[in-house]
Amino acid sequence: MPTFAYKGRNTGGQLVEGVLEGASPGAIVDLLRVQGLTPVDIKEAQSGTSTSAASLNITLFRQKISHIDLLLFSRQMHTLLKSGVPIMRALSSLQDAAINPEMKRVIGEVRESLEGGRELSQAMARHPRVFTPFYLSMVRVGEATGMLEDIFFRLFEHLEFERYMREQVKTALRYPGFVVVAMAIAIVIVNIFVIPAFAKVFAGFGAELPLMTRILLGFSDFMVAYWPVMLAGVVLGVAAFRTWVGTVKGRYIWDRTSLKFPIAGKILHKAALSRFSRSFSLGLKSGIPVMQALSNSAQTVDNSFISRRVESMRESVERGESLLRSAIGTGIFTPVVLQMVAVGEESGAVDDMMNEIGDMYRQEVEYELKTLGQQIEPILIVMLGIMVLILALGIFLPMWDLGKVAIKR
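None of the values given here were measured: they were computed from a predicted structure.

Turning to the overall build of the protein, a few remarks are in order. In terms of regular secondary structure, the protein is built from 17 helices and 3 strands. When each of the 409 residues of the protein is scored for burial, the buried share is 39%. The long-range share in the protein, meaning contacts at least 24 apart out of those at least 6 apart in sequence, stands at 61%. When the accessible surface of the protein is split by element, carbon and sulfur atoms take 62% of a total near 23,000 Å².

In the numbering adopted here, UniProt assigns the feature "transmembrane region" (unreviewed entry) to residues 175-205, 225-245, 323-344 and 379-400. Along residues 323-344 one finds 82% helix and 0% strand; the C-alpha atoms at either end are 10 Å apart. Secondary structure content for residues 379-400 is 100% helix and 0% strand, and the end C-alpha separation is 30 Å.

Take the side chain of N100 next. Mapping N100 onto the fold places it in the loop between α4 (87-97) and α5 (101-115). Here the side chain of N100 touches E102 through a polar contact of 3.0 Å, landing on its backbone nitrogen.

Attention now moves to helix α9 (residues 211-246). Count 3.6 residues to each turn of an α-helix, and residues three or four apart come out pointing the same way. In this model, α9 (36 residues) spans only 43 Å end to end at C-alpha, well below the 52 Å of a helix rising 1.5 Å per residue. Largest kink in α9: about 80 degrees, centred on Y226, with the proline P228 one to four residues after it. All buried positions along α9 are accounted for by T213, L216, L217, S220, M223 and V245.

Before going further, it helps to spend a moment on helix α15 (residues 335-347). Here α15 spans 18 Å end to end across 13 residues, near enough to the 18 Å set by a 1.5 Å rise per residue. Taken together, the buried positions of α15 are occupied by V337, L338, M340, V341, A342 and G344. Each element contacted by the buried residues of α15 is listed here: α14 (323-330) and α16 (350-370). Once α15 ends, the next one or two residues include G348, with phi positive near 75 degrees.

To continue, consider the confidence of the model for the protein. Looking at the protein, the pLDDT average stands at 80 and 88% of residues meet or exceed 70. When the criterion is pLDDT under 50, residues 47-60 qualifies, and its contacts beyond four places in sequence or with other chains add up to 1 contact.

Our focus in this paragraph is the environment of M383. Topologically, M383 is positioned in helix α17 (residues 372-408). M383 sits 200 residues away from M183 along the chain, and the two C-alpha atoms are 9.2 Å apart.

Turning our attention to the pattern of salt bridges. The full count for this structure, using the stated rule, is 13 salt bridges. Close ionic contact of K270 with E368 constitutes a salt bridge, the shortest N to O distance being 3.6 Å. Of the two residues, K270 is situated in helix α11 (residues 264-285) and E368 in helix α16; the sequence distance between them amounts to 98 residues. Each of the two residues, K270 as well as E368, counts as buried. In this structure, the salt-bridge partner of R314 is E311, at a minimum N-O distance of 3.1 Å. Placement of both R314 and E311 in helix α13 (residues 304-318) is noted, with a separation of 3 residues, approximately one turn of the helix. Taking the relative accessible area as the measure of exposure, R314 reaches 2% and is therefore buried. Relative accessible area serves as the criterion here: at 14%, E311 is assigned to the buried category. In this structure, a network of salt bridges that share partners links the residues K266, K270, E364 and E368.

What counts, and where the lines are drawn
Each chain carries its own residue numbering, running from 1 in the direction its sequence is written. Reporting in this predicted model follows two pLDDT cut-offs: at least 70 for local features of residues, and 80 or more for side-chain atom pairs to be given and counted; totals over whole chains, interfaces and linings ignore these cut-offs and use all residues. Side-chain metrics rest on all non-hydrogen atoms present in the structure, leaving aside hydrogens and water. Put simply, DSSP H or I for four residues or longer makes a helix, DSSP E for two residues or longer makes a strand, and each gets a number counted from the N terminus. Buried means the residue's accessible area, taken with a 1.4 Å probe over protein chains only, is under 20% of the maximum for its type, while exposed means over 50%, and partly exposed covers the values in between. Note on definitions: a residue-residue contact is assigned when non-hydrogen atoms from the two residues lie within 4.5 Å. Using the Shrake-Rupley algorithm and a 1.4 Å probe, accessible areas are obtained, with residue cover drawn only from the displayed protein chains. UniProt positions are given in the numbering used here, feature names are shortened, and annotations may be inferred rather than shown by experiment. Polar contacts, as counted here, are pairs of nitrogen or oxygen atoms within 3.5 Å of one another; within protein the pair requires one atom able to donate a hydrogen and one able to accept it, and residues that are adjacent in sequence qualify only if both atoms are side-chain atoms. Multiplying 1.5 Å by the helix residue count minus one yields the expected span of that helix. Two axes define the bend at a residue: one fitted to the seven residues ending there, one fitted to the seven starting there, and the bend is the angle between them. The predictor rates its confidence in each residue with pLDDT, a number between 0 and 100. A side-chain nitrogen of Lys or Arg and a carboxyl oxygen of Asp or Glu constitute a salt bridge if their distance falls within 4 Å.

Take a look at the structure:
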């Protein structure tokens, strides 16, 4: 029987890891449910035996389920359930209408699990890579309160907000990214093709060249001679960076450092806090306990540093401290936000206040993204100016000196 390594969260929101034997990942999910754990990640433990060609083919060529697939699934489930369509019939309709074969397969397996007597949240929990713990918690609340159609609509709004944020960031970074890539290509072309041609001219001067010219010629000679080594170094550097960021410690350090980047850092910070505020508000409005809502919200911020700050906030609330004192202890909220949290606690409307905080951060992020090009443009102009100045001084100074010598003669 295969062995699976699992990660799950108990009722208190704490992460639990271990190893279990089972016939399939779904069987492991059922065992974890019996133990009162919510599955987060389930992977088959590596063994010395080789993987069969069939299973390898399925793993390699299985199409992924995108964010849009899950967003459409949530919206369509809300529409069908609100119209009074039974859940089994709704899932059957969505399975037939699904374009993504992998999404079609997952919906089919969820239907089979429901036919086997499981609840919808349990059936979805058998696919931890598709449905996040936050998504499952919301569905579980919808089952308990009988408001499943409303929960799916709130999940749709949450997923739509996430998609909007990603699209805005991509749009804002498209122009600066293009300029940076163009500059990198120009530097490579100049050093490999242009400067060597000038080097032959400079060699006939028979005079000592200016320092800037010697630096440019030396760097160009190095790039021409060792460009394969430099290319390999860049590839290895990127691979090493991705591997390091893939570790828990590396991800935490990178996420903490990225918040300090000029211009981009404040956008990442506000975007993460907007995700937290909206998801926390959504959880409270849906009836999820505060501790569980904080744990679920910590998994939606997409920043491990802020996620740990939110987890510490949950631990403080668990010890009996107020939400305001816990928020102050994290050090990630502004005084204005803390004041709004205080008003929310006093009025008993924390969910509404958190929703307003999320909207406030969202508006600030939208403004920052709209003006991102204007903020980056001066930096790019300065970089281009420096590059042109270096090339001009390095290439044209010797020619200028040669012209002055010719005039004197």
